[in-house]
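Working through the structure, step by step
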Amino acid sequence: MNHYNLPDDSGHFDQFGGAFMPETLVAAVTELKEAYEKYKDDPEFLAEFEYDLKHYVGRSTPLYHAKNLSKKLGGAQIHLKREDLNHTGAHKINNTIGQVLLAKRLGKTRIIAETGAGQHGVATATVAARLGLECVVYMGEVDVARQALNVFRMKLLGATVVPVSSGSKTLKDALNEAMRDWVTNIDDTFYIIGTVAGPHPYPMMVRDFQSVIGKEAKKQFADQVGGLPDALVACVGGGSNAIGLFHEFIDDTSVEIYGVEAAGYGLEKGPSAHAAPLCAGSVGVLHGNRTYLMEDENGQIIEGHSISAGLDYPGVGPEHAYLKDSGRAKYVAITDEEALDAFHTLTKVEGILPALESSHAVAYAIKLAQELTQDKHIIVNLSGRGDKDIHTVAEIEGIQF
Amino acid sequence: MSRLSQVFANLPKEHKAFIPFITAGDSGLDNTYELMLTLVDNGADVIELGVPFSDPMADGPMIAKSHQRSVEAGIGLKDVLALVQRFRAVNNSTAIVLMGYLNPIEVYGYQAFAADASQSGVDGLLVVDMPPEEAHDLKQSLDAKEVDLIFLVAPTTTDERIKFLATVASGFIYFVSLKGVTGAGHLDIDAVKQNLSRIRRYIDLPVGVGFGIKDAQTAKAISDNADAVIVGSALVAFIEQYADDKTKMLESVGNLANEISSAIK
């Protein structure tokens, strides 16, 4: 059997991926690519990365057998990979720890980032604060409003949060604005992209930093249960938590892989009602790579919808596009309503409050578990905690503080 | 000889080409058509037409907003090609270059685009987010229809890359005068001069300079070393300002074009 080893040297996952960017960025991206190639197997770099993940982030995170939930459903056993227990409350910090170590080695003094829900912004502001680097986070105006708590957290951490009012005022526009900053301040600035998108080497590098999730989960599952799980489930916006869990299992073909996109109000309601490019989009080029996108017949990007600010990105990491077309992973979608139900169920039954993003994965696992027998095992990536979403949930349910 | 090569070949020795940029469909396709004629009357040798895109990530606020207005009006690549065809019915000498982002062309299909662009009278294409490493298939389609693929060179482009670009670029080279987005305000004329001689060491094509050129004085200073001067944001600003007053719009755009063109010829 061939060992999975994509992307190729130029960042392609078959037809997907690549490095589509303005000429001004080519030098900086090449510098990053060379630095990453130099350090990714460097024992000193890896030791520092692992030290920080252990002592600063709090890894490893538990693989928790959700017995109450599994029993209630009466089907397969559900195991939660508790990325919500990381420092700053989500998987995002695995990646920012790695990238900021590269920034330090490249001698960059200024960090920029884009953020949707604010989790990546917080994780970036956190590592920048720790290393004493200037940090600027771009965030769509709409997201600034619905994630006020994370905006304040970033400010407390010393970051400058720049509300983005162009385009649809959400994550994709924040990314555009961060790119504009980067071309302008290319000499001293390191751009920490938060997901497995952007030009090569970002999709590969972010995946590598996040793949600690799957490596731990695989070992923990073997220790606790034995063998391999039957299925993996993770939510997919840009897709970094999902690829982090999936990557280690790609060659284990007995393991079914499910990526869960945001169906928003419902896939049948059309492209502006959801954020599911893999389930209902088409191929195009955006933000540095070729992938599945939400786009119209003119190639304009369509702003989708999801209850979760972290999932309403109109593109998706190119490796997911490849995994979909190759048939190795299946991509499904969960509506706002189903995600909310799962949010409440997990909170009540297990005492774990999941992020609305992760609630999409939980919701699909709940469906899947009921189709499987009790001797089957599903690992769900609980990518973040739901504290940041309490206001959103309260508002939907008409509760005022 | 292609229309683009003809334009440069026909310029008197001390004259430089004037290349204005406007976004197609901003304030309406009819206005864009009239603006094109006005630009020609005021010295445009080549017109760069922006193909509207929802996510113009290399553009500053002025041109980004202009894209947004055209996108909101539903203007797509098909409309832009129809506009060029309409222009060609009355003008056969001014070269037309489409400038934009890859996705609209990707969705249109490279071969279909090359065929339709050529048939409409498009002379060149500049895709901001497509570096030469990714351009092989598009280049092949365009070559077959004799449409030039124009590439950017930035201050950060290494000598080695300039050599590589020399093997794929045609039409002219678009030198991005500064590290930044379109319309930025920190142009360094000496640095531009140094970069132009660096480019000329490896590439034989005419070199145009754009990004951050707002007036006749800067255009003149740049043109001492360049073959062409490209101006976008300063013109687009008038389209925004006079969106409801076509007469004023045409007059303001025409006047600025005339000042710049006169300064470099």
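Up top is the structure these notes are about.
Residues numbered from 1 in each chain as written. Chains lettered and ligands numbered in written order. Predicted model: local features only at pLDDT ≥ 70, side-chain atom pairs only at ≥ 80, totals over all residues. Heavy atoms only, no water.

**What about the overall build of chain B?**
- Of the regular secondary structure elements, chain B holds twelve helices and eight strands.
- Against the 2.2 N^0.38 benchmark of 18 Å for 265 residues, chain B shows a C-alpha radius of gyration of 17 Å, consistent with a compact globule.
- Taking the intrachain contacts of chain B between residues at least 6 apart in sequence as the baseline, contacts between residues at least 24 apart amount to 72%.
- Carbon and sulfur atoms make up 47% of the accessible area of chain B, which amounts to about 9800 Å² in all.
- Taking the average place of the 22 positive charges on the side chains of chain B and the average place of its 34 negative ones, the gap between the two points comes to 5 Å. (Helix = DSSP H or I, 4+ residues; strand = E, 2+ residues; numbered from the N terminus. Rg over C-alpha atoms; globule rule 2.2 N^0.38 Å. Contact = heavy atoms within 4.5 Å. Areas by Shrake-Rupley, 256 points an atom, 1.4 Å probe, with all protein chains shown as cover. Lys, Arg positive; Asp, Glu negative; His and termini not counted. Charge placed at Lys NZ, Arg CZ, Asp CG, Glu CD.)

**What to know about the pattern of salt bridges**
Residues and elements named next belong to chain A.
- Enumeration according to the criterion identifies 41 salt bridges over all chains in this entry.
- Here Asp84 makes a salt bridge to Arg82, at a shortest N to O gap of 2.8 Å. Each member of the pair, Asp84 as well as Arg82, carries the same accessibility label: buried.
- Among the ionic pairs, Glu177 bridges to Arg180, the shortest N-O distance being 2.8 Å. Taken together, the residues Glu177 and Arg180, both in helix H8 (residues 171-184) and three residues apart, mark about one turn of the helix.
- Residue classification places Glu177 among the partly exposed positions, given a relative accessible area of 23%.
- Given a relative accessible area of 8%, Arg180 falls into the buried group. (Salt bridge = Lys/Arg side-chain N within 4 Å of Asp/Glu carboxyl O. Buried < 20%, exposed > 50% of the residue type's maximum accessible area, 1.4 Å probe, protein only.)

**Topic: the pairing of strand S11 (residues 282-286) of chain A**
- By the bridge criterion, five bridges tie S11(A) to strand S12 (residues 289-293) of chain A in an arrangement that is antiparallel. For Val283(A), the partnering residue across the bridge sits in S12(A) and is Tyr292(A). (Pairing = 2+ DSSP bridges.)

**Notes on the interface of chain B and chain A**
- With 39 residues of chain B at the interface, the matching set in chain A holds 35 residues.
- Around 2800 Å² of area is buried between chain B and chain A when both sides are counted, 51% of it from carbon and sulfur atoms.
- Taken as a group, Asp55(B), Met57(B) and Glu134(B) account for 24% of the area that chain B buries against chain A, more than any other trio of residues on that side.
- Put simply, chain B and chain A have four salt bridges between them.
- A salt bridge links Arg290(A) to Glu106(B); the nearest nitrogen and oxygen atoms lie 2.4 Å apart.
- Viewed at the interface, chain A and chain B are joined by 21 residue pairs in polar contact (both at pLDDT 80 or more).
- Of all the secondary structure elements, the ones that give two or more residues to the side of chain B that touches chain A are helix H3 (61-72), helix H5 (102-108), strand S5 (148-153) and helix H8 (159-168) of chain B.
- Ranked by residues supplied to the side of chain B that touches chain A, first place goes to H5(B) with five residues.
- Here the side of chain B that touches chain A is composed, by residue class, of 23 nonpolar, nine polar and seven charged. (Buried area = accessible area lost by both parts, 1.4 Å probe. Polar contact = N/O pair within 3.5 Å; in protein donor to acceptor, adjacent residues only side chain to side chain. Nonpolar A, V, L, I, M, F, W, Y, C, P; charged D, E, K, R; others polar.)

**Focus on the nonpolar core**
- Of all hydrophobic cores here, the largest spans 120 residues; its most connected members are Leu102(A), Trp182(A), Tyr191(A), Leu245(A), Phe172(B) and Tyr174(B).
- Residues in contact with Leu102(A), not counting those within four places in the same chain, are Leu32(A), Ala35(A), Tyr36(A), Tyr39(A), Phe45(A), Phe190(A), Met205(A) and Phe209(A).
- Ile22(B), Leu39(B), Ala234(B) and Ala257(B) belong to the second largest nonpolar core, which has 68 residues in total. (Core = buried A, V, L, I, M, F, W, Y, C linked by side-chain atoms within 4.5 Å.)

**Description of the side chain of Ser261(B)**
All names here are of chain B.
- Within the secondary structure layout, Ser261 lies in helix H12 (residues 246-263).
- Judged by its relative accessible area of 6%, Ser261 falls in the buried class.
- A polar side-chain atom of Ser261 sits 3.5 Å from the main-chain carbonyl oxygen of Gly43.

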